[in-house]
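# Secondary and tertiary structure notes
For reference, the chains in residue letters:
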Amino acid sequence: MAGKIFVKDLIKKYGDNTVLKGISTTIKDGEVVCIIGPSGSGKSTFLRCLNQLEEVNSGTIVIDDFDITDSQTDINQVRENIGMVFQHFNLFPHLTVRENITLAPQDLKGLTKSEANALADKLLDMVGLLDKAEVYPNSLSGGQKQRVAIARALAMKPNIMLFDEPTSALDPEMVGDVLNVMKKLAENGMTMVIVTHEMGFAKEVADRVIFTDGGEIVEEGTPEQVFNHPQHERTRSFLNKVLSV
Amino acid sequence: MKKTKLSLFFIMMVSLIISILATPQPVSAEKKQTYIIGTDITFAPFEFSDSQGKYVGIDMELLERISEINHVNFEIKPVGFNAAVQAVEAGQMDAVMAGMTITPEREKSFDFSDPYFQSGIQMAIAKDNHTIHSYKDLKNKVVAAKTGTESAEFIEKNKQTYGYKIKLYDTADVMYSVLNAGNVDAIFDDYPVIGYAVKQNKPLQLVTDYEKGGSYGFGVKKGTHPELLTMFNQGLKELKASGEYQEILDKYIEAPASTQDEQSLMGILKNNYPALLSGLLYTLLLTFVSIVIAFFIGVLFGLMSVSPSKLSRRIASIYVDIIRGIPLYVFALFIYLGIPNVTGLKLSPFVAGIITLSLNAGAYIAEIIRGGINAVPKGQMEAARSLGLPYRKTMKKIILPQAFKLMIPSFINQFVITLKDTSILSAIGILELLRSGQIIMARNLQTFNVLLIVSVMYLIVITALTKLSKKLETKVNANGR
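Residues numbered from 1 in each chain as written. Chains lettered and ligands numbered in written order. Predicted model: local features only at pLDDT ≥ 70, side-chain atom pairs only at ≥ 80, totals over all residues. Heavy atoms only, no water.

Moving on to the overall build of chain B. A count of helices and strands for chain B gives 18 helices and 12 strands. Counting the 481 residues in chain B, one finds 50% classified as buried. Taking the contacts inside chain B whose residues are at least 6 apart along the sequence as the reference set, 76% of them involve residues at least 24 apart. Surface accessibility of chain B: about 23300 Å² in total, with carbon and sulfur atoms responsible for 62%. (Helix = DSSP H or I, 4+ residues; strand = E, 2+ residues; numbered from the N terminus. Buried < 20%, exposed > 50% of the residue type's maximum accessible area, 1.4 Å probe, protein only. Contact = heavy atoms within 4.5 Å. Areas by Shrake-Rupley, 256 points an atom, 1.4 Å probe, with all protein chains shown as cover.)

Moving on: the overall build of chain A. Secondary structure assignment for chain A yields 9 helices and 10 strands. Of all 245 residues assigned to chain A, the portion counted as buried reaches 55%. Carbon and sulfur atoms make up 45% of the accessible area of chain A, which totals about 10500 Å².

Next up on the list: the pattern of salt bridges. Considering all chains together, one arrives at 23 salt bridges over all chains under this definition. Ionic pairing is found between Lys8(A) and Asp9(A), a salt bridge with its closest N-O pair at 3.5 Å. By relative accessible area, Lys8(A) is classed as partly exposed at 41%. Given a relative accessible area of 40%, Asp9(A) falls into the partly exposed group. Residue Arg48(A) is joined to Glu382(B) by a salt bridge in which the shortest nitrogen-to-oxygen separation is 2.6 Å. Here Arg48(A), found in helix 1 (residues 43-50), pairs with Glu382(B), found in helix 15 (residues 378-386), and the two come from separate chains. Taking the relative accessible area as the measure of exposure, Arg48(A) reaches 11% and is therefore buried. (Salt bridge = Lys/Arg side-chain N within 4 Å of Asp/Glu carboxyl O.)

Residue and element names in this part refer to chain A. Positionally, Gln 52 belongs in the loop between helix 1 and strand 4 (58-63). Separated by 17 residues in the primary sequence, Gln 52 and Thr 69 place their C-alpha atoms 8.2 Å from one another. With residues near it in sequence (within four places) discarded, Gln 52 still touches Ile 68, Ile 75 and Arg 79. Separated by 3.2 Å, the side chain of Gln 52 and the backbone oxygen of Ile 68 make a polar contact. (Polar contact = N/O pair within 3.5 Å; in protein donor to acceptor, adjacent residues only side chain to side chain.)

This paragraph deals with unusual backbone geometry. Residues and elements named next belong to chain A. For Gln 52, which is not glycine, the phi dihedral falls at a positive 65°. What makes Gln 52 buried here is its relative accessible area of 17%. The phi torsion at Lys 157 lies on the positive side, around 50°, for a residue other than glycine. Classification of Lys 157 as exposed rests on a relative accessible area of 55%.

Okay, the interface of chain B and chain A next. With 19 residues of chain B in contact, the opposing surface of chain A contributes 24 residues. Counting the surface lost from both chain B and chain A, the interface buries some 1900 Å², and carbon and sulfur atoms represent 60% of this. Between the two partners, chain B and chain A, sit 3 salt bridges. On inspection of chain B and its partner chain A, the count reaches 8 residue pairs in polar contact (both at pLDDT 80 or more). Within the residue set of the side of chain B that touches chain A, elements represented by two or more residues are helix 15 and helix 16 (391-421) of chain B. Ranked by the residues each element gives to the side of chain B that touches chain A, the list is headed by helix 15 of chain B, at 8 residues. Residues of the side of chain B that touches chain A, tallied by class, amount to 7 nonpolar, 6 polar and 6 charged. (Buried area = accessible area lost by both parts, 1.4 Å probe. Nonpolar A, V, L, I, M, F, W, Y, C, P; charged D, E, K, R; others polar.)

So, about helix 13 (residues 328-343) of chain B. Residues and elements named next belong to chain B. The end-to-end C-alpha separation of helix 13 is 21 Å, in line with the 22 Å expected for 16 residues at 1.5 Å each. All buried positions along helix 13 are accounted for by Leu 328, Phe 331, Ala 332, Ile 335, Tyr 336, Leu 337, Pro 340 and Thr 343. After helix 13 finishes, the residue Gly 344 shows a positive phi value of roughly 80°. (Expected span 1.5 Å × (residues − 1).)

Bringing the side chain of Thr191(A) into the picture now. Residue and element names in this part refer to chain A. Mapped onto the fold, Thr 191 is located in strand 8 (residues 191-195). Owing to a relative accessible area of 0%, Thr 191 belongs among the buried residues under this scheme. Polar side-chain contacts of Thr 191 include one of 3.3 Å to the side chain of Asp 29.

So, about the nonpolar core. As a rule of thumb, soluble globular proteins bury nonpolar side chains together. Leu10(A), Leu50(A), Ile61(A) and Ile373(B) are the most contacted members of the largest nonpolar core, which totals 71 residues. Considering every element that reaches this core, the biggest residue donor is helix 16 of chain B, with 10 residues. Formed jointly, this core draws a minimum of three residues from each of two domains, domain 1 (5-81 + 159-244) and domain 2 (93-157) of chain A. Counting residues in each nonpolar core, the second largest holds 51 residues, with Ile37(B), Ile187(B), Tyr196(B) and Phe232(B) among its members. (Core = buried A, V, L, I, M, F, W, Y, C linked by side-chain atoms within 4.5 Å. Domains from an automatic or database assignment.)

All names here are of chain B. In the contact formed by helix 15 and helix 16, the axes pass within 10 Å of each other and the chain directions differ by 140°. One way to sum up the angle between helix 15 and helix 16 is to call them oblique. Where helix 15 crosses over helix 16, the two elements pack in a sense that is right-handed. Along the contact surface, helix 15 presents Gln 380, Met 381, Ala 384 and Arg 385, while helix 16 presents Tyr 391, Thr 394, Met 395, Ile 398, Ile 399 and Gln 402. (Axes fitted to C-alpha atoms, helices over the stretch in contact; angles between N-to-C directions. Parallel < 35°, antiparallel > 145°, perpendicular 65-115°, else oblique. Left-handed = near helix turned anticlockwise from the far one by under 90°.)

Now for the sheet that holds strand 7 (residues 160-164) of chain A. All names here are of chain A. Spatial ordering of the open sheet is given by 6-7-8-3-9-10, a layout of 6 strands whose pairing is mixed. Only two strands of the sheet have a single neighbouring strand rather than two, namely strand 6 (82-85) and strand 10 (216-221). Between one strand axis and the next, the sheet turns through 15° on average, direction left out of account. As defined by bridge partners, strand 6 adjoins strand 7 across 4 bridges and the pair is classed as parallel. Residue pairing for strand 7: Gly 83 is matched across the bridge by Met 161. Seen against the sheet, helix 6 (residues 172-187) touches strand 3 (32-36), strand 7 and strand 8 and runs at an angle of roughly 145° to strand 8. (Pairing = 2+ DSSP bridges.)

Let us look at the sheet that holds strand 5 (residues 66-67) of chain A. All names here are of chain A. The 4 strands lie next to each other as 2-1-4-5, forming an open sheet whose pairing is antiparallel. Looking at the sheet topology across the chains shown, the edges are occupied by strand 2 (17-27) and strand 5. Of the strand pairs in this sheet, strand 4 and strand 5 are connected by 2 bridges, and their pairing is antiparallel. Of the residues in strand 5, the one forming a bridge with Val 62 is Asp 67. With respect to the sheet, helix 1 is in contact with strand 1 (5-14), strand 2 and strand 4, its orientation differing from that of strand 1 by roughly 120°.

Residues and elements named next belong to chain B. Model confidence for chain B is summarised by a mean pLDDT of 85, while 91% of its residues fall at 70 or above. At the low end of the mean pLDDT range in chain B sits helix 1 (residues 2-21), at 54; at the high end sits helix 12 (residues 310-325), at 95. Prediction confidence for the complex, expressed as pTM and ipTM, is 0.66 and 0.91 respectively. (pLDDT = per-residue confidence, 0-100.)

Here the focus is helix 3 (residues 81-89) of chain B. Residue and element names in this part refer to chain B. Looking only at helix 3, the buried set comprises Ala 83, Ala 84, Val 85, Ala 87 and Val 88. Residues of helix 3 that are buried in the fold lie against strand 1 (34-39), strand 5 (95-101), strand 6 (110-112), strand 12 (211-221) and helix 13. The first or second residue beyond helix 3 is Gly 91, which carries a positive phi of 80°.

Next comes the structure, spelled out in structure tokens:
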């Protein structure tokens, strides 16, 4: 399985309010895409449509060869291949760090307990938290929680990772650790879609930057194009605001 | 608005199903092995429980002898006068024998035996009252009787003539207590009852003769069990001929005063602790059995109320609305008397009680579960689903374990509420703690002391169980988190 995403004419409404007004884009296997834009521009909603946490009103989303907007598709199976990391971590508070990671692979992939534990320890080692395996999430800092959340998503060995503002809820000194882990993933060829406000990170790591506003893709291109030579007035004014901070 | 319509529709459907299932009561003239006879909790000297908890009295002894003469079994159910009458009307019981006066009104729905006792009513005043010597002295005084009795009719009829005020009470024990307390000046009751009370050294005195009144009869639901009436009449005739009838009457109307201490707190406790403990045991049994059944009902409807399916949510909310909208007392009567009345299905009070409490607590537990699940942050469901876990698995492994922890205090609370609610079931004749207390009160008239004992028993048990649950809660919360 690879990690391609194909989106065509995606429309999402909340009641009368149209949040996504016909989004089309294609994300290649191994590509790292950062989505930027003002809040309320629909970027998180778009991300959540990609694994059907939000039902779409119309349009097509194909993940690899699965049309997930088709009700015949087993969405649970597709989700196994798409890891997701949330702004507020959403770790399971009643399970230890290790159990947070082993639950899904044991349950869905039939790993034995010792196989799952070995996998968890390997992932915890990768995010630098092997010593926290036995503790409960509430004793971790925000940055540590987010790294556990990444490890939990990786335990299903997905080909695609979705990040929904992964550093927005973190204290500034914690942001670096999380971004480093994400950088490592990008270098290893993971397909990544990242909704972020970290412009420096986007510049450095992204293959492509998508700027959304008002439920539409206004502009997209390499970081060099979007950040240094923005074509649209809306892009320029947004970048002026965020980069001058 | 839409919801109300749907609930109404639901209720109508249920009633329809019940009425389809209902079959007319068969008129059987065949002799049965065992007849169920309802009687009053306490109507001394006709029926009352002695300090061993055994039912004795004129009615009881007559029934016992008549059953021996006819070789049949009578199963006596002391459920209270009104409950017995309703149970016979509903076909739950076969007959009522409870010092029941034969009246034209009652003859519309009952067939009566030959009268077995000529009753009458009499006035009693407090022992230390020296101002009342006849009805004429009642001017501007307060006179009491029990609601719906011959005595009540009598004092109503003569109100103008003698110029007194009337107060009506539901139970004898309360009426005798207020006379003692001086809140009323005179009471009227059936003369054997008053005579028995005087013989029992109650602080009463009689200053007038009794008024001849109606006759007591043994009643069956109109059109049913003619063979039972024949047996009763035959037996009564034999007892009168042999002189046994008079012996039984003399035994009770001439009964010697009880020597047992039934006045002091300690004395009441000492004489009645087996009855009180057995009442408490019933209360606990009812609570535990009902709460366990309610838990399963609650989990089912609670899960339905958060399910993605709109139909499931609607069904769950209708169920909760129905239960919340009907007082528990009414609901208990509906289950015990209403449903058997149309279906012919006989329910024992205990089973009816369990059904009532389980359905009632089940609705509240469903609400607790719904609230607990909704209190788990939405992100938990999303995180689990994004890993590929299906809905049911997510519920089981992620949402419910967290929700249950949040629900523990509410569960404890519901448990205590259900335990308290069992006392309402005294109304359908279950011998739980309150009912056990009521029987003792009716005998010794020590309303304050008996209610004090009963209250303290509830208090101790509820406090102990609450403390225990709190400990359990702390323990559960210490694991994890």
